[in-house]
Amino acid sequence: MTSVALRVVVGLVGFALVGSALTSAIITLVLPRGGNTRTAHRVIRMTRWVLTRTAGRGSARRERALALLAPVALLLMPIAWLLQIWVGFAGLYLAAGLEPVGDTALDAVWRALFLSGSSLLTLGFATGDRVVHHLLTFTEATLGLGVVTLLIAYLPTMYAAFSQRETQVALLAVRAGTPPSASEMLWRYHRIGNDHELGTAMLEWEEWFAQLTETHTTLTTLPLFRSSDPSQSWVTAAGTVLDAASLLHAAVVDAPKAPAALCIRAGFLALRAIADEWALPYDADPSPGDPIAISREEFDRAWERLRDNGNELVDVEQAWVDFAGWRVNYDTPLLALAEMLEAPVAPWTSDRPPLTGQSRMGRASSMRR
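Residues numbered from 1 in each chain as written. Predicted model: local features only at pLDDT ≥ 70, side-chain atom pairs only at ≥ 80, totals over all residues. Heavy atoms only, no water.

Turning to the overall build of the protein chain, a few remarks are in order. Looking only at helices and strands, the protein chain features 13 helices and zero strands. Each helix and strand of the protein chain, placed in order from N terminus to C terminus, yields the pattern α-α-α-α-α-α-α-α-α-α-α-α-α. The C-alpha atoms of the protein chain give a radius of gyration of 26 Å, which is well past the 21 Å a tight globule of 369 residues would have. In terms of overall dimensions, the protein chain has C-alpha extents of about 90 × 40 × 35 Å along its principal axes. For the protein chain, with 369 residues in total, the buried portion stands at 51%. Total accessible area computed for the protein chain in this model is approximately 17,100 Å², and 62% of it derives from carbon and sulfur atoms. (Helix = DSSP H or I, 4+ residues; strand = E, 2+ residues; numbered from the N terminus. Rg over C-alpha atoms; globule rule 2.2 N^0.38 Å. Buried < 20%, exposed > 50% of the residue type's maximum accessible area, 1.4 Å probe, protein only. Areas by Shrake-Rupley, 256 points an atom, 1.4 Å probe, with all protein chains shown as cover.)

For the structure on display, the rule yields nine aromatic pairs. On the basis of an interplanar angle of 75° and a centroid distance of 4.9 Å, the ring pair of tryptophan 205 and tryptophan 208 is categorised as edge-to-face. In this pair, tryptophan 205 and tryptophan 208 both sit in helix H7 (residues 198–218), three residues apart, roughly one turn of the helix. Tryptophan 205 gets classed as buried once you look at its relative accessible area, which sits at 1%. Among the residues examined, tryptophan 208 registers a relative accessible area of 3% and is labelled buried. (Phe/Tyr/Trp six-rings, centres within 6.5 Å; stacked < 30°, edge-to-face > 60°.)

Moving on to the side chain of arginine 226. Turning to its location among the elements, arginine 226 is positioned in the loop between H7 and helix H8 (234–251). Take arginine 226: its relative accessible area is 16%, and that puts it in the buried class. Polar contacts involving the side chain of arginine 226 include one to the main-chain carbonyl oxygen of glutamate 342, which spans 2.7 Å. Sequence-distant contacts of arginine 226, defined by excluding residues within four places in its chain, comprise Glu63, Leu66, Ala67, Phe162, Leu341, Glu342, Ala343 and Pro344. (Polar contact = N/O pair within 3.5 Å; in protein donor to acceptor, adjacent residues only side chain to side chain. Contact = heavy atoms within 4.5 Å.)

In this section: the packing of helix H6 (residues 182–191) against H8. Running from N to C, H6 and H8 cross one another at 65°; their axes reach a closest spacing of 8 Å. H8 is crossed by H6, and the crossing has right-handed handedness. Two secondary-structure elements touch here, H6 through Ala182, Ser183, Met185 and Leu186 and H8 through Thr240, Asp243, Ala244, Leu247 and Leu248. Tallied by class, residues from the contact of H6 with H8 come to six nonpolar, two polar and one charged. (Axes fitted to C-alpha atoms, helices over the stretch in contact; angles between N-to-C directions. Left-handed = near helix turned anticlockwise from the far one by under 90°. Nonpolar A, V, L, I, M, F, W, Y, C, P; charged D, E, K, R; others polar.)

Across its 27 residues, helix H1 (residues 3–29) extends 39 Å between first and last C-alpha, which sits within 8% of the 39 Å expected from 1.5 Å per residue. Of the residues making up H1, those classed as buried are Gly11, Gly14, Val18, Ala21, Ser24, Ala25, Thr28 and Leu29. Check the buried side of H1 and you find it contacts helix H2 (38–55), helix H3 (59–95), helix H5 (131–176) and H7. (Expected span 1.5 Å × (residues − 1).)

Under the criterion given, the structure shown has 13 salt bridges. Residues joined in a network through salt bridges with shared partners are Arg48, Arg62 and Glu342. (Salt bridge = Lys/Arg side-chain N within 4 Å of Asp/Glu carboxyl O.)

Moving on: the nonpolar core. When a protein is soluble and globular, its nonpolar side chains tend to lie buried together. Phe209, Trp234 and Phe323 are the most contacted members of the largest nonpolar core, which has 102 residues in total. Not counting chain neighbours up to four residues away, the residues in contact with phenylalanine 209 comprise Ala238, Val241, Leu242, Cys263, Ala266, Gly267 and Ala270. (Core = buried A, V, L, I, M, F, W, Y, C linked by side-chain atoms within 4.5 Å.)

In structure tokens:
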């Protein structure tokens with residue numbers, strides 16, 4: 001290969017590295033829609049591996065490690081992008097004819113990396129030989145500052161969405177117990193004579209699910225941020241509310257059917273959208289008769305508790321058929337997300353694996369994007 005051809009190849013590789021880094025940064029930090037990239041998810045996978053391996057044994061230590069996963073990965077992402085830009089621009093400097101300080105090709109590589117690092121960090125202690133090198137220097141410095149600026153602007157949006165999500169999660173502890181349970185939620189509303197508020201509550205959770213769809217598919221690391229209380233999680237909260245709405249619609253005679261149905265639909269659409277971002281498999285068009293992870297015995301116990309609580313209920317056979325018909329829409333994505341995120345144990349959500357047997361971050365993060 002001639003020196004000219006080699007320079008062209010090096011330049012193309014450098015351009016590809018820079019383009020990949022910028023594409024990942026723009027999709028992760030700017031683009032207002034789902035579209036996670038390989039760079040972001042590789043950082044998340046490696047960060048998870050290191051944190052969990054160094055955490056040692058014990059559930060408390062693992063919980064602390066998982067709590068660090070999202071913030072550490074978020075801070076490492078711009079470093080990964082900057083490293084790609086650094087190496088990529090070094091290739092562009094070589095392609096543009098940067099002369100070595102010494103007599104070997106390795107000297108040219110070291111000088112290119114040295115100049116690229118100086119330009120990227122805006123230190124200015126190294127310069128090129130030609131006008132094209134100066135133009136590349138200005139461009140690289142601008143891109144380096146731009147990536148850091150985007151991250152700084154991104155953080156307030158991230159934590160505002162996190163705070164908004166966690167407000168409802170914390171309120172659920174009052175309404176559904178800790179860990180949260182669907183039957184406990186309906187029991188508490190009935191015991192305090194507040195059944196008439198269930199329709200309003202379902203509509204509030206419908207709005208929460210709509211916000212979840214937007215924020216958890218556009219803010220890459222947000223699903224990984226854990227609640228400040230280790231016993232709480234947005235996944236278990238989602239599962240509890242969806243099961244409560246399904247029980248309400250299927251079993252309670254005078255239930256607010258329309259708000260419950262809207263809440264369920266908003267919920268399973270949200271969980272499916274988030275599962276899509278993490279490449280978690282599920283059946284997009286399940287049959288009402290497909291199996292679910294909830295056993296008939298578990299449902300019967302919940303139905304009996306509602307009956308003993310004084311609710312007027314539909315026949316248990318019909319209630320089970322209707323409940324299973326609702327649950328099948330969100331059963332697999334809910335349990336897959338709970339397993340992937342290692343959510344705290346909660347009934348009907350994180351206390352069992354998904355029926356498909358798909359497991360954890362390693363398989364989930366084989367991204368399609």
